[in-house]
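So the chains spell out like this:
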Amino acid sequence: MYGWNNRTMAGPRERAAHRCGALLAATVVIVSASQGAAAAEPYPHAQEPIGTVEQVYDGALTPDLAVSTFRNIDRLFPTRRIARGETSSPLEKADKQLTDVAFTQGDKTYDLVDYLALNSITGLLVLKDGRIALELYQRGNSEKTKWMSMSIAKSITSTLIGAAIRDGHIGSLSDPVVKYVPRLAGSAYEGASVRDILMMSSGVKWNETYTDPASDRRQLLRAQISQQPGAALEVMRKLPRAAEPGTQNTYSTGETQVAGEIVRGAVGKPAADYLSEKIWSKVGMEQDASWWLDSPDGAEIGGSGISATLRDYGRFGLFFLDGGIVDGQPLLPDGWTTEAGNPTILKDGKPLDYGYMWWPAWTEASKADGAFAAIGIFGQYIYINPAEKVVIVTFGAQSKPTDAAPIDDMVFFDAVTDALK
């Protein structure tokens with residue numbers, strides 16, 4: 001258990017090669033990945049000042065304070081460890097290295113340096129065919145830095161539901177939510193299915209505005225700050241219904257709190273422990289990760305709060321790229337990764353530009369490749385392109401939770417993917 005302090009200073013969508021060459025010479029770190037002993041070393045950022053969680057969601061952190069906070073989020077709330085396995089799988093250097101990339105957006109031309117600077121990128125990992133084509137760190141980050149996931153955690157939580165189905169803990173996506181979270185019986189979640197939760201189509205009313213103190217998202221945050229057991233789920237239990245389940249999509253971090261509770265109720269153990277058991281310990285992660293809790297030794301925050309290294313997020317992306325199969329053993333239901341990353345369909349047949357807590361690509365090139373991404377506010381991405389076997393991970397430290405990225409990340413990902421062909 002980590003110490004925490006959420007109030008004091010102690011813890012989506014966002015041009016020349018010689019310039020990039022100089023940058024890369026100074027910042028690219030390629031290390032062949034048998035780094036297991038690194039877990040015992042002191043965390044390099046542990047003594048840095050951090051802001052408060054309210055400042056994070058208000059978009060009120062200065063740039064330097066944002067960086068130090070985002071790599072120390074385990075000091076904001078209690079966490080549970082996501083344990084790695086005994087061995088780390090290597091990430092070897094690709095034969096073809098990415099040194100620059102040029103692309104256009106609107107009437108402007110950009111290059112790699114532009115993307116890093118304008119989108120406030122502090123870490124960038126590009127994997128092609130499972131090998132490192134580019135690994136780059138900024139703002140004092142390194143291969144040992146653990147960075148916040150924000151809503152990337154949503155995609156990880158949804159993956160645990162897939163694992164629980166494969167293991168037989170969850171009968172099917174059609175099962176009612178209240179079967180696994182009985183505390184929601186009689187609430188607006190009565191009649192919603194597990195699939196409805198994954199599609200954020202439960203019909204429960206929700207306001208996700210991060211910077212609005214009166215929003216449901218901030219109410220959920222206040223419940224987390226209270227660190228009272230069950231307070232976050234109580235927020236969800238009291239919400240009214242706005243539509244029939246399965247008929248309307250409303251982006252809701254609260255919905256992922258329910259998803260986390262589904263995992264816990266179905267498997268009978270904390271989500272972090274299940275993540276360690278099913279994925280983190282099996283795919284060769286280099287480092288332990290951590291996950292925010294709603295209270296000391298309580299339930300994981302399903303929609304945010306995972307902190308892990310750049311490479312380990314990359315390994316998670318490779319796990320998904322490989323269809324959820326490790327050493328020939330499927331850990332997810334057949335076809336799960338394709339289904340989760342593609343657009344879904346509401347009950348009335350209306351197509352939904354959302355998967356199972358994953359975002360289908362929105363640019364034509366990525367759409368043609370069946371690409372999709374886990375996305376977190378402030379610039380966090382795990383981009384997966386199945387056709388070209390590319391995984392791209394970004395750490396972002398943007399100034400505001402949303403609409404703070406001048407360059408469309410998917411346009412950049414398209415350019416990277418094309419450069420690696």
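Residues numbered from 1 in each chain as written. Predicted model: local features only at pLDDT ≥ 70, side-chain atom pairs only at ≥ 80, totals over all residues. Heavy atoms only, no water.

Quick look at helix α10 (residues 253-267)
Link 1 in the chain: Helix length check: α10 (15 residues) gives 22 Å between terminal C-alpha atoms against 21 Å at 1.5 Å per residue, within 8%.
Link 2 in the chain: For α10, the buried fraction is high: 13 of the 15 residues fall into the buried class.
Link 3 in the chain: For α10, the capping residue at the N-terminal end is S252, with a side-chain oxygen 3.2 Å from the backbone nitrogen of G254.
Link 4 in the chain: In the stretch just after α10, G268 is the one whose phi turns positive, near 70 degrees. (Helix = DSSP H or I, 4+ residues; strand = E, 2+ residues; numbered from the N terminus. Expected span 1.5 Å × (residues − 1). Buried < 20%, exposed > 50% of the residue type's maximum accessible area, 1.4 Å probe, protein only. Polar contact = N/O pair within 3.5 Å; in protein donor to acceptor, adjacent residues only side chain to side chain.)

Some remarks on the sheet that holds strand β8 (residues 306-309)
Link 1 in the chain: Strand order in the open sheet formed by 4 strands is β1-β7-β8-β6, and the pairing between neighbours is antiparallel. Looking at strand neighbours, the two that pair on one side only are β1 (79-82) and β6 (146-148), the edges of this open sheet. Averaged over all pairs of adjacent strands, the angle between strand axes in this sheet comes to 30 degrees, irrespective of strand direction.
Link 2 in the chain: By the bridge criterion, 3 bridges tie β6 to β8 in an arrangement that is antiparallel. Bridging across to β8, K146 finds its partner in T309.
Link 3 in the chain: Of the strands in this sheet, β1, β7 (289-292) and β8 are in contact with helix α11 (residues 271-280), which crosses β1 at around 15 degrees. (Pairing = 2+ DSSP bridges. Axes fitted to C-alpha atoms, helices over the stretch in contact; angles between N-to-C directions. Contact = heavy atoms within 4.5 Å.)

A short note on the pattern of salt bridges
Link 1 in the chain: Inspection of every chain in the model, using the stated rule, returns 22 salt bridges.
Link 2 in the chain: Taking the shortest distance from any N to any O, the salt bridge between R80 and E300 comes out at 2.6 Å. Remark: E300 occurs in the loop between β7 and β8 and R80 occurs in strand β1; sequence separation between them is 220 residues.
Link 3 in the chain: Ionic pairing is found between K278 and D167, a salt bridge with its closest N-O pair at 3.2 Å. Of this pair, K278 sits in helix α11 while D167 sits in the loop between α5 (152-166) and α6 (177-180); the two residues are 111 residues apart in sequence, bridging distant segments of the chain.
Link 4 in the chain: For K278, a relative accessible area of 9% translates into the label buried.
Link 5 in the chain: Each of E135, E286, R311, D312 and R315 takes part in a single network of salt bridges with overlapping partners. (Salt bridge = Lys/Arg side-chain N within 4 Å of Asp/Glu carboxyl O.)

A short note on the confidence of the model for the protein
Link 1 in the chain: Mean pLDDT over the protein works out to 92, with 90% of the residues at or above the 70 mark.
Link 2 in the chain: The low-confidence segment residues 1-39, where pLDDT is below 50, has 122 contacts with residues more than four positions distant or belonging to other chains. (pLDDT = per-residue confidence, 0-100.)

Details of the sheet that holds strand β15 (residues 380-385)
Link 1 in the chain: The strand order across the open sheet formed by 6 strands is β5-β4-β16-β15-β14-β13, and the pairing between neighbours is antiparallel. Of all strands in the sheet, those bounded by a partner on one side alone are β5 (131-137) and β13 (359-360).
Link 2 in the chain: Relative to strand β16 (residues 390-396), strand β4 (residues 121-128) runs antiparallel, the two being bridged by 7 bridges. Paired with K128 across the bridge in β16 is V390.
Link 3 in the chain: Those strands touched by helix α12 (residues 310-321) are β4, β5, β14 (372-376), β15 and β16, and its axis lies near 145 degrees from that of β16.

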